[in-house]
2 protein chains.
Amino acid sequence: MSKDIPDICELNFIHQDTVNIVRGKMPPEKPICDVAELFRIIGDTTRSKIICALRFSEMCVCDIAALLNMTSSAISHQLHMMKVAGIVISRRNGKIVYYRLADEHIEQLFNIAFEHITGE
Amino acid sequence: MSKDIPDICELNFIHQDTVNIVRGKMPPEKPICDVAELFRIIGDTTRSKIICALRFSEMCVCDIAALLNMTSSAISHQLHMMKVAGIVISRRNGKIVYYRLADEHIEQLFNIAFEHITGE
DNA sequence: TTAACGATTGAGCAAATATTCAAATGTATT
DNA sequence: AATACATTTGAATATTTGCTCAATCGTTAA
């Protein structure tokens, strides 16, 4: 019989008690992953620019494309991703689709982030 | 003589005035990219878990590795990235390096993000 | 000095991602 | 019906990225 292969988590425990306490307080896996996904989506230069623009006015796809000097296709891809993630919502008026921020949480996140990078 | 190749930004203007107004209000490129970079870094499952853990206690590399069932190398890589970004800070005590969150902005970001995904 | 060990670092690989390109929708106008 | 046009969609590509592995660094204790 071979010896049991040790779990990776048993190899190097320095503060077993701290690990156990924190493990007990940690949120479940799912909400942490959802939060990470939210940050991942707004954590892109193009999408951050789109969000910054939508803070001032709802805009249609080609206006955002013109503002950022990019193709409508690229913008549409990013807007779709943000819509699925619940970051933006859209309304159609004829041929034109207008996008705006879904709720005030997104603005709050950017306000805090700007504070962070400017050092308060 | 061939005709001028039109700029991409001149192709499809629907609301020229809106674009101009928003362009005038938009923050400069640099801070937007910095904010996007901050979100990009916390927008990863592993790094979000690390941050969630550090909300409850400062921890050393191998304790975080044990908590998340990952290698110390992987955790150290992520901590380095977060340290450069000003998200965590560290102190050394002998062989052990303890990490903690750099400031309260990071916690605020996560609080708001959790609100967002739970719908208030 | 040597050994032990927590932490760091760099190279390399597999997986994820943003944009481009081409084609297809959906709506309004002629 | 047919055209025009804003938008969407899917596939393909180039780039980015997270982890592993191995080697090294920094500190402590024998």
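Scroll up to find the structure this text is about.
Criteria and thresholds
- Throughout, a residue's number is its position along its own chain's written sequence, starting from 1.
- As a convention, the first chain written is A and the first ligand written is 1, with the rest following in written order.
- Whole-chain, interface and lining totals are the exception, using all residues; otherwise, since this is a predicted model, local features are given only for residues with pLDDT of at least 70 and side-chain atom pairs are given and counted only at 80 or more.
- Heavy atoms from the whole structure form the basis of all side-chain values; hydrogens and water molecules are not counted.
- Least squares is the method used to superpose the copies, on C-alpha atoms of residues holding a pLDDT of at least 70 in both.
- We call two residues in contact when some of their heavy atoms are within 4.5 Å.
- Helix and strand definitions follow DSSP, with helices as H or I runs of at least four residues and strands as E runs of at least two, each counted in order from the N terminus.
- For a helix, the expected span equals 1.5 Å multiplied by the number of residues minus one.
- The classification of residues rests on relative accessible area computed with a 1.4 Å probe and restricted to protein chains. Under 20% of the type maximum is buried, over 50% is exposed, and intermediate values are partly exposed.
- The term polar contact refers here to a pair of N or O atoms within 3.5 Å; inside protein, the definition further demands a hydrogen-donor-capable atom paired with an acceptor-capable atom, and it admits residues adjacent in sequence only when both atoms are side-chain atoms.
- Any residue with a heavy atom lying within 4 Å of a molecule or strand is counted as near it.
- In this classification, the charged set is Asp, Glu, Lys and Arg, the nonpolar set is Ala, Val, Leu, Ile, Met, Phe, Trp, Tyr, Cys and Pro, and all remaining amino acids, among them Gly, are polar.

The subject of this paragraph is the relation of the copies chain B and chain A. Of the transformation superimposing chain B on chain A, the axial component is 0.0 Å and the angular component is 180°, with the fit at an RMSD of 0.0 Å. Considering both components of the superposition, the chain copies are consistent with a two-fold axis. Take the interface residues of chain B: 98% of them recur as interface residues in chain A, which is what a same-surface contact looks like.

Here we take up helix 6 (residues 104–118) of chain B. Counted at 1.5 Å a residue, the expected span for helix 6 of chain B with its 15 residues is 21 Å, and the 21 Å between its end C-alpha atoms agrees. Residues of helix 6 of chain B that are buried include every one of H105, I106, L109, F110, I112, A113, F114 and H116 of chain B, and no others. Looking at the buried side of helix 6 of chain B, the elements it contacts are helix 2 (29–42) and helix 6 (104–118) of chain A together with helix 2 (29–42), helix 3 (45–54) and strand 3 (96–101) of chain B. Near the N-terminus of helix 6 of chain B, the side chain that reaches the backbone nitrogen of H105 of chain B, with its oxygen 2.8 Å away, is that of D103 of chain B. Directly after helix 6 of chain B, the chain includes G119 of chain B, whose backbone phi takes a positive value near 70°.

Around DNA strand C, the surrounding shell holds 28 residues, and the nearest of these are T46, R47, S73 and Q78 of chain A together with Y99 of chain B. The sugar-phosphate backbone supplies 70% of the atoms of DNA strand C found within 4 Å of the protein. Contacts to DNA strand C include T71 of chain A, whose side-chain N or O atom sits 3.5 Å from a phosphate oxygen. Within the side chain of Q78 of chain A, an N or O atom sits 2.2 Å from a phosphate oxygen of DNA strand C. Class assignment for the residues of the surface near DNA strand C results in 10 nonpolar, 12 polar and 6 charged.

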